[in-house]
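Secondary and tertiary structure notes
Take a look at the letters that make up each chain.
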Amino acid sequence: MALTRLTQKEMTESEQRELKTLLDRARIAHGRPLSNSEANHVKKEYIDKLMEQREAEVKKARKVKKQQAYKPDESTTFSWSANTSTRGRR
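Residues numbered from 1 in each chain as written. Predicted model: local features only at pLDDT ≥ 70, side-chain atom pairs only at ≥ 80, totals over all residues. Heavy atoms only, no water.

The protein chain is annotated in an unreviewed UniProt entry as DUF3811 domain-containing protein from Kosakonia oryzae.

Shown next, in the form of structure tokens:
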């Protein structure tokens, strides 16, 4: 089950700042303003990386939740008498 594609509005402030920094570094490396294609390429790579991280966190949380789920005691057996009322059916 893949997560939906992230948008910049859904990113936290620190993630948005990191994206801005990456765009600035790419602009400086090229020595000129980035074209739309180049900027979109940088954004796409960063968003892909973020989505992988978030998906890994979700998997880890799911695994922990599954481990902490209630598990009945396997050493005890089911007792019908404990689950029936003493008065019987009416």
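What to know about the overall build of the protein chain
Looking only at helices and strands, the protein chain has three helices and zero strands in total. The order of helices and strands in the protein chain, counted from the N terminus, is α-α-α. Carbon and sulfur atoms form 53% of the exposed surface of the protein chain, whose accessible area is close to 8,400 Å². (Helix = DSSP H or I, 4+ residues; strand = E, 2+ residues; numbered from the N terminus. Areas by Shrake-Rupley, 256 points an atom, 1.4 Å probe, with all protein chains shown as cover.)

Overview of the pattern of salt bridges
Under the counting rule described, the total for this entry stands at five salt bridges. In this structure, the salt-bridge partner of Asp-48 is Lys-44, at a minimum N-O distance of 3.4 Å. Of this pair, Asp-48 and Lys-44 both sit in helix 2 (residues 36-68), four residues apart, roughly one helical turn. On the basis of relative accessibility, which here comes to 26%, the residue Asp-48 falls in the partly exposed class. Taking relative accessible area as the criterion, Lys-44 reaches 46% and is therefore assigned partly exposed. Through salt bridges with shared partners, one network takes in Arg-5, Lys-44 and Asp-48. (Salt bridge = Lys/Arg side-chain N within 4 Å of Asp/Glu carboxyl O. Buried < 20%, exposed > 50% of the residue type's maximum accessible area, 1.4 Å probe, protein only.)

Description of the nonpolar core
Counting residues in hydrophobic clusters, the biggest one holds eleven residues: Leu-6, Met-11, Leu-19, Leu-23, Ala-26, Ala-39, Val-42, Tyr-46, Ile-47, Leu-50 and Met-51. For this core, the elements supplying multiple residues, two or more each, are helix 1 (13-30) and helix 2. Excluding residues that lie within four positions of it along the chain, Leu-23 makes contacts with Leu-34, Ala-39, Val-42 and Lys-43. (Core = buried A, V, L, I, M, F, W, Y, C linked by side-chain atoms within 4.5 Å. Contact = heavy atoms within 4.5 Å.)

A closer look at the packing of helix 1 against helix 2
In the contact formed by helix 1 and helix 2, the axes pass within 10 Å of each other and the chain directions differ by 145°. Helix 2 is crossed by helix 1, and the crossing has right-handed handedness. In this structure, helix 1 contributes Glu-15, Glu-18, Leu-19, Leu-22, Leu-23, Ala-26 and His-30 to the contact, and helix 2 contributes Glu-38, Ala-39, Val-42, Lys-43, Tyr-46, Leu-50 and Arg-54. Residues of the contact of helix 1 with helix 2, tallied by class, amount to eight nonpolar, one polar and five charged. (Axes fitted to C-alpha atoms, helices over the stretch in contact; angles between N-to-C directions. Left-handed = near helix turned anticlockwise from the far one by under 90°. Nonpolar A, V, L, I, M, F, W, Y, C, P; charged D, E, K, R; others polar.)

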